[in-house]
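Here is how the chains run, residue by residue.
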Amino acid sequence: MTAKFVDIRQSMTRLEVPDGQTILDAALVAGIPYPHGCKSGRCGSCKSRLIEGEVELLKHSRFALTDQEKAAGMILACRALPQTHAAVAWLGSDDGDVQSPRRVDGIVTHIGDLTHDIKLVRIAPEDESSLLFTAGQYAQVGFNGVPARSYSIANRHGTDGLEFHIRRVPGGAASEHVHNALKTGDKTTLELPLGSSSLRQHHSGPILCIAGGSGLAPIKSIVETALAHGMKQPIHVYFGVRTERDLYLVEHFQALAKQHANLTFVPVLSEVQSSQYRSGFVTQVMAEDLSDLDGWKAYVAGPPLMVEAAMEAAFARRLQRQDMHADVFFTPEELPGLATA
Ligand SMILES: Cc1cc2nc3c(=O)[nH]c(=O)nc-3n(C[C@H](O)[C@H](O)[C@H](O)COP(=O)(O)OP(=O)(O)OC[C@H]3O[C@@H](n4cnc5c(N)ncnc54)[C@H](O)[C@@H]3O)c2cc1C
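Residues numbered from 1 in each chain as written. Predicted model: local features only at pLDDT ≥ 70, side-chain atom pairs only at ≥ 80, totals over all residues. Heavy atoms only, no water.

S.K.: So what about the sheet that holds strand S15 (residues 235–241)? Which residues, and what values?
M.R.: Across the sheet, which stays open at both edges, the six strands sit in the order S17-S16-S15-S14-S18-S19 with parallel pairing between neighbours. What marks the edges here is a single partner per strand, and that holds for strand S17 (278–279) and strand S19 (324–328). The pairing of strand S18 (residues 297–302) with S19 spans five bridges and is parallel. Bridging across to S19, valine 300 finds its partner in alanine 326. Against the sheet, helix H6 (residues 282–289) makes contact with strand S14 (207–212), S15, strand S16 (263–269) and S17, and its axis sits at roughly 150° relative to S15, the strand it touches most. (Pairing = 2+ DSSP bridges. Helix = DSSP H or I, 4+ residues; strand = E, 2+ residues; numbered from the N terminus. Contact = heavy atoms within 4.5 Å. Axes fitted to C-alpha atoms, helices over the stretch in contact; angles between N-to-C directions.)

Structure, rendered in structure tokens:
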């Protein structure tokens with residue numbers, strides 16, 4: 001086998017894809033701003049049309065790419081190994097061009113506790129004026145001496161640097177470092193903006209946001225940006241956690257909902273009953289409240305099983321596939337439970 005050439009229509013580039021590499025990996029190595037999210041076949045952000053040639057599709061979620069979509073010539077670039085020379089086109093980002101990510105250095109300016117296992121980390125990039133991101137995007141953050149990881153940006157563009165919500169994963173290289181050793185004044189590396197699950201500001205229909213745990217980070221950025229830009233349509237936010245001690249920023253969202261009549265904020269506890277909050281899986285509670293999502297946009301962020309359940313529930317309620325924007329918080333190596341292609 002030899003490397004294959006793949007034409008990327010939007011960037012007018014011919015890419016050499018080495019054996020064993022996916023189209024997305026090769027595109028990102030070549031600096032092409034290919035739209036993507038989880039890089040693991042779960043979110044569908046890199047869905048593309050295969051115009052010519054053949055690819056082998058690795059395991060992926062059936063919600064990220066359905067059998068009908070495959071039959072219609074769609075692929076996921078993050079799961080596609082070219083078998084012949086090929087040509088692909090990513091499905092248009094419906095809010096204009098995809099921005100190329102930039103690398104900048106940053107400095108940690110604040111660390112605080114949001115819950116027993118989520119820290120708020122604020123980072124000031126060295127060159128703030130050049131940092132542009134869209135609400136819902138993420139950055140690759142490198143803390144001293146540990147591998148860089150993806151973290152969603154939790155604040156609105158133009159407000160006090162970059163805010164991150166970092167959950168401790170037991171035994172995790174980066175998150176344990178953040179929880180046990182990180183100090184204000186520490187240097188970081190940043191690569192951003194990344195990801196295409198970002199707020200579509202031209203959309204005027206209702207908005208559904210579903211967050212699980214630290215998945216509230218991109219949802220916070222999306223909601224704050226939508227409200228600051230005067231988006232007036234109904235915005236429903238469902239925030240799922242296990243127990244009360246996992247909740248955070250509830251008062252912040254409740255205060256926003258008081259100021260903005262179009263915002264509804266619903267915390268949901270999955271492991272305990274409570275007189276104050278709804279109980280059950282966050283996706284079931286959403287499904288009880290909302291019966292028809294045709295014409296809506298959905299933004300979903302959190303662990304893989306929650307994202308899959310949210311996709312299933314939303315599509316069953318007539319959400320159009322192109323209106324689902326999902327971020328899956330997991331390392332790409334971990335692919336438990338995925339359907340085979
Ligand atoms: C697009 C994107 C955005 C993300 N945004 C955020 C964010 O805003 N906040 C946040 O806290 N995390 C976020 N993550 C997850 C984050 O990038 C790291 O995967 C996470 O912090 C673990 O990294 P680590 O180095 O501590 O663990 P690692 O050393 O990579 O992993 C240690 C062990 O934990 C497992 N593991 C890794 N991640 C998880 C997980 N999330 N849940 C359960 N087990 C896991 C690994 O498989 C491994 O067995 C995001 C991920 C993606 C892909």
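Let us keep going from here.
S.K.: Run through unusual backbone geometry, naming residues and quoting values.
M.R.: In this chain, leucine 192 is followed by proline 193 through a cis amide linkage whose omega measures 0°. Inspection of the secondary structure assignment puts proline 193 in strand S13 (residues 187–194). Within the chain, lysine 39 stands out as a residue other than glycine whose phi angle is a positive 60°. Here lysine 39 is to be found in the loop between helix H1 (23–29) and strand S3 (47–52). Exposure remark for lysine 39: the relative accessible area of 31% places this residue in the partly exposed category. Although it is not a glycine, aspartate 160 sits at a positive phi angle of roughly 50°. One can find aspartate 160 in the loop between strand S11 (149–152) and strand S12 (162–167). A relative accessible area of 54% means that aspartate 160 is categorised as exposed. (Buried < 20%, exposed > 50% of the residue type's maximum accessible area, 1.4 Å probe, protein only.)

S.K.: Describe the site of the ligand, listing the residues and the values that go with them.
M.R.: Around the ligand, 20 residues are found, and the nearest of them are Arg149, Ser150, Tyr151, His165 and Ser175. Within the side chain of tyrosine 151, a nitrogen or oxygen atom sits 2.7 Å from an oxygen atom of the ligand. A distance of 3.3 Å is found between a nitrogen atom of the ligand and a backbone nitrogen or oxygen belonging to phenylalanine 329. Among the elements that line the shell around the ligand, the one with the most residues is S11, at four residues. (Near = heavy atom within 4 Å. Polar contact = N/O pair within 3.5 Å; in protein donor to acceptor, adjacent residues only side chain to side chain.)

S.K.: Account for the packing of aromatic side chains, with residues named and values stated.
M.R.: Evaluation of the coordinates by the stated rule reveals four aromatic pairs. When the ring of tyrosine 34 is compared with that of tryptophan 90, the centres are 4.9 Å apart and the planes differ by 65°; the resulting orientation is edge-to-face. A residue pair is termed long-range when its members are at least 10 positions apart, and tyrosine 34 in the loop between H1 and S3 and tryptophan 90 in strand S7 (residues 86–90) qualify at 56 residues. Considered together, tyrosine 34 and tryptophan 90 belong to a single accessibility category, that of buried residues. Ring geometry for phenylalanine 239 versus tyrosine 248: centroids 5.6 Å apart, planes at 90°, classification edge-to-face. The class for phenylalanine 239 is buried, based on a relative accessible area of 0%. Grouping aromatic residues by their ring pairs yields a cluster made of Phe239, Tyr248, Phe253 and Phe265. When the ring centre of phenylalanine 315 is taken as origin, the NZ or CZ atom of arginine 321, which lies over that ring, is 4.1 Å away. (Phe/Tyr/Trp six-rings, centres within 6.5 Å; stacked < 30°, edge-to-face > 60°. Lys NZ or Arg CZ within 6 Å of the ring centre and 35° of its normal.)

S.K.: Can you tell me about H6, naming the residues and giving the values?
M.R.: Of the positions making up H6, those classed as buried are Val282, Thr283, Val285, Met286 and Ala287. Where H6 is buried, its residues touch S14, S15, S16, S17 and helix H7 (304–316).

S.K.: So what about the environment of aspartate 19? Which residues, and what values?
M.R.: Checked against the element boundaries, aspartate 19 lands in the loop between strand S2 (13–17) and H1. The partly exposed category is assigned to aspartate 19, whose relative accessible area is 39%. With 63 residues separating them along the chain, aspartate 19 and proline 82 place their C-alpha atoms 8.1 Å apart.

S.K.: Explain the nonpolar core residue by residue, including any values.
M.R.: Residues Leu199, Cys209, Ile219, Val223, Ile235, Val237 and Phe239 are the most contacted members of the largest nonpolar core, which totals 29 residues. Those elements giving two or more residues to this core turn out to be strand S9 (118–125), S14, helix H4 (216–228), S15, helix H5 (250–259) and S16. With six residues, H4 is the single largest residue contributor to this core. Built from parts of two domains, this core gets at least three residues from each of domain 2 (102–194) and domain 3 (207–333). Once residues within four sequence positions are removed from consideration, valine 223 is found in contact with Cys209, Ile235, Val237, Phe253 and Leu263. (Core = buried A, V, L, I, M, F, W, Y, C linked by side-chain atoms within 4.5 Å. Domains from an automatic or database assignment.)

S.K.: I'd like a description of the sheet that holds strand S5 (residues 74–76), backed by residues and values.
M.R.: Strand order across the open sheet formed by five strands is S2-S1-S7-S3-S5, with mixed pairing between neighbours. In this open sheet, the two edge strands, each paired with only one partner strand, are S2 and S5. On average, adjacent strands in this sheet sit at an angle of 40° to one another, irrespective of strand direction. With five bridges joining them, strand S1 (residues 4–8) and S2 adopt antiparallel strand pairing. Of the residues in S2, the one forming a bridge with aspartate 7 is arginine 14.

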